[in-house]
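Close look at the chain arrangement
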Amino acid sequence: MKASKITVCWLLTMSISGVFMAPPRNVIQMEEKAVDNMAAAPAKTRTTLKIELKQPEAQVEKPKNVPVEEKSKIEALNIPTQKRLSVEELKPADHLDAVKLEQDGMINKDYKKEIFIGNHEEIEDESLEVAESKLKDIFAKVDKDSDNKLCMAELEGWIIDKTQEHFDEALQENDHIFKHMDPDGDGFVDWKEYYVHFLLAKGHPIEKAKKHVKDYDEIELDYEARDQISRYKYKWMDMESGTLDNKLSKLQFFAFRHPEQSEENMMNMAISVIETLDKNDDKILTEEEFVSLPLGDVDDEEQRRLDKEWQKERGEEFRNQIDFDHNGKVTIGELKRYIDPRNPDNAKSDTKTLLEEMDDDKDKCISWKEIEDHKDMFIQSKIVNMRRILHDEF
């Protein structure tokens with residue numbers, strides 16, 4: 001027994017020392033192989049998305065032993081430079097359009113613009129006069145009965161349409177990208193196919209990229225690329241629904257790139273946000289926890305002012321929007337309901353919020369004058385906006 005323990009300890013010691021003695025390039029290869037091999041496990045039945053998928057043969061994958069079918073698909077890749085996908089097209093979304101919270105728990109500052117204007121970047125990139133003119137055009141489109149007022153039904157219907165527009169654009173984009181990555185049309189994209197496209201987007205030659213996904217020593221990835229591919233791999237594995245066969249269907253790939261399109265992802269996001277902000281690990285979020293600032297002293301007066309403004313804004317959001325039963329506590333279910341863009345109650349809630357913030361004469365409608373008086377909700381000074389972004393980032 002003692003001899004066995006001594007042998008195990010010696011092996012562990014040698015393994016650990018091997019990692020620390022390895023040169024940087026070898027460490028990079030080891031990291032890539034470690035992440036990739038996490039997905040090499042016996043296949044199980046997919047259940048979450050309720051779609052019938054191919055059942056691959058159970059096997060333990062080794063980097064240099066690529067299965068014949070996968071190897072032929074990778075070797076068959078021949079993508080002209082002008083048709084290569086960009087990193088932006090490949091990566092999972094960092095910002096989720098028409099979702100009230102960011103994935104890190106920050107309030108989505110552009111949410112009102114996204115549900116009222118849609119592609120608000122088109123307005124923000126214009127001069128103030130042009131932006132106001134475009135905003136007036138949007139007002140006319142929302143005003144279905146041409147009475148120069150936007151009332152409850154018109155606003156609610158417009159918000160539903162704009163949210164659906166975000167979904168339709170995401171779906172159309174995903175169809176294009178998936179078709180590009182699945183040239184044989186078998187309905188699946190393998191991780192190594194995705195990895196090849198990622199390397200091509202980073203500017204590496206196709207033959208080197210195809211060789212690298214087999215042995216991991218053809219290309220020396222920089223820190224940024226290594227960090228990106230590791231994060232994407234973990235998200236990819238999350239989408240596999242327990243099968244761990246390294247493949248995603250079109251529906252799963254859609255959820256990989258656009259987490260807001262998956263109910264399961266929205267639940268996981270709610271759990272993650274609460275775990276991040278929950279100070280006492282009771283799986284309940286209080287207003288005090290939601291508005292808490294990072295540790296550390298702040299000397300700058302402007303920073304203190306922005307901190308107070310940030311806390312006030314989050315407190316109001318917590319009380320008025322997130323805490324549905326107004327008991328001072330938010331459960332995972334309540335938070336999921338708040339962030340899920342497919343929740344039918346959100347359009348009514350958002351309409352009510354817009355009216356409360358803009359209906360100055362309390363006639364339960366919004367006039368063009370009231371839009372003009374509150375245009376900073378939709379058209380912001382880029383300098384002011386950048387200050388807020390920097391504050392929220394740090």
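Report follows, based on the coordinates.

Within the chain, the regular secondary structure consists of 19 helices and six strands. Looking at the chain as a whole, 44% of its 394 residues are labelled buried. Working note: accessible area of the chain is about 22,200 Å², and carbon and sulfur atoms make up 54% of it.

Moving on to the state of the cysteines. Enumeration according to the criterion identifies one disulfide in this entry. Disulfide pairing places Cys151 opposite Cys365 at an S-S distance of 1.9 Å. Here the disulfide of Cys151 and Cys365 is right-handed, its torsion about the S-S bond being about 100°. Here Cys151, found in strand 1 (residues 149-151), pairs with Cys365, found in strand 6 (residues 365-367); they are 214 residues apart in sequence, far enough to count as distant.

Further remarks concern the side chain of Glu114. The residue Glu114 is located in helix 5 (residues 111-116) in this model. Although buried, Glu114 forms no salt bridge, and the nearest oppositely charged side chain, Lys113, lies 8.7 Å from it. At a separation of 3.0 Å, a polar atom in the side chain of Glu114 contacts the side chain of Asn108. Residue contacts for Glu114: discarding those within four places in its chain leaves His95, Leu96, Asp97, Ala98, Val99, Asn108, His120, Lys162 and His166.

To continue, consider the packing of helix 9 (residues 191-201) against helix 10 (residues 206-215). In a pair of packed helices, the angle between the axes and the distance between the axes together describe the arrangement. Contact pair helix 9 / helix 10: the axes reach a minimum separation of 9 Å and the direction vectors enclose 140°. The angle between helix 9 and helix 10 falls in the class oblique. Here helix 9 runs over helix 10; the crossing is right-handed. Seen from helix 9, the contacting residues are Lys192, Tyr195, Val196, Leu199 and Leu200; seen from helix 10, they are Ile206, Ala209, Lys210, His212 and Val213.

Across the interface, helix 8 (residues 152-181) lies against helix 17 (residues 345-358) with an axial gap of 9 Å and an inter-helix angle of 125°. Here helix 8 is positioned oblique relative to helix 17, judged by the angle of their axes. Once helix 8 is placed against helix 17, the crossing between them reads as right-handed. For the pair formed by helix 8 and helix 17, the contact residues are Met152, Leu155, Glu156, Ile159 and Ile160 on the first element and Ala347, Lys348, Asp350, Thr351, Leu354 and Leu355 on the second.

A complete count under the given rule lists 15 aromatic pairs for this structure. Look at Tyr194 and Phe256: their rings are 5.5 Å apart centre to centre, the planes differ by 90°, and that puts the pair in the edge-to-face class. Linking Tyr194 in helix 9 with Phe256 in helix 12 (residues 250-257), this pair joins segments that are 62 residues apart in sequence. According to the relative accessible area criterion, Phe256 is buried, its value standing at 2%. With centroids separated by 6.1 Å and ring planes inclined at 85°, the aromatic side chains of Phe198 and Tyr232 adopt a geometry described as edge-to-face. Here the residue Phe198 occupies a position in helix 9, and Tyr232 occupies one in helix 11 (residues 223-239), the gap between them amounting to 34 residues.

Okay, the nonpolar core next. In this structure, Tyr194, Tyr195 and Phe253 are the most contacted members of the largest nonpolar core, which totals 31 residues. Put simply, the parts of the chain that give this core at least two residues each are helix 8, helix 9, helix 10, helix 11 and helix 12. When residues of this core are assigned to their parent elements, the largest contribution, seven residues, is made by helix 9. In terms of nonpolar packing, the next biggest core, distinct from the first, is built from 24 residues, Ile138, Leu155, Trp158 and Ile379 among them.

Attention shifts here to the environment of Gly157. Looking at the secondary structure, you find Gly157 in helix 8. Overall, Gly157 belongs to the partly exposed group, its relative accessible area being 26%. Residues Gly157 and Ala347 lie 190 residues apart in sequence; the distance between their C-alpha atoms is 8.0 Å.

Each value, and the rule that gives it
- Within each chain, residue numbers correspond to sequence positions counted from 1 in written order.
- Two thresholds apply to this predicted model, a pLDDT of at least 70 for residue-level local features and 80 or more for giving and counting side-chain atom pairs, whereas whole-chain, interface and lining totals are computed over all residues.
- Heavy atoms from the whole structure form the basis of all side-chain values; hydrogens and water molecules are not counted.
- Only DSSP runs of H or I covering at least 4 residues are called helices, and only runs of E covering at least 2 are called strands; the numbering of each starts at the N terminus.
- Burial classification: accessible surface area is computed with a 1.4 Å probe over protein chains only, and a residue below 20% of its type maximum counts as buried, one above 50% as exposed, and the rest as partly exposed.
- For every accessible area listed, the method is Shrake-Rupley and the probe measures 1.4 Å; residues are considered covered only by the protein chains on display.
- Count a disulfide wherever a pair of cysteine sulfur atoms falls within 2.5 Å.
- Residues scored as positive are Lys and Arg, those scored as negative are Asp and Glu, and His as well as the terminal groups of each chain are ignored.
- For this analysis, a salt bridge means a side-chain nitrogen from Lys or Arg found within 4 Å of a carboxyl oxygen belonging to Asp or Glu.
- N or O atoms closer than or at 3.5 Å make up a polar contact, with two conditions inside protein: a donor-capable atom paired with an acceptor-capable one, and, for residues adjacent in sequence, both atoms drawn from side chains.
- Note on definitions: a residue-residue contact is assigned when non-hydrogen atoms from the two residues lie within 4.5 Å.
- Comment: axis = line fitted to C-alpha atoms, over the contacting stretch for helices; angle = value between 0 and 180 degrees taken between N-to-C directions.
- Our angle categories are set so that under 35 degrees counts as roughly parallel, over 145 as roughly antiparallel, 65 to 115 as roughly perpendicular, and the remainder as oblique.
- Should the near helix be turned anticlockwise from the far one by less than a right angle, the crossing is termed left-handed; should it be turned clockwise, right-handed.
- By convention, a stacked pair of Phe, Tyr or Trp rings (six-membered ring in the case of Trp) has centres within 6.5 Å and planes under 30 degrees apart, an edge-to-face pair has planes over 60 apart, and any other such pair is tilted.
- Only buried residues count toward a nonpolar core. Its members are Ala, Val, Leu, Ile, Met, Phe, Trp, Tyr and Cys residues joined through side-chain atoms within 4.5 Å.

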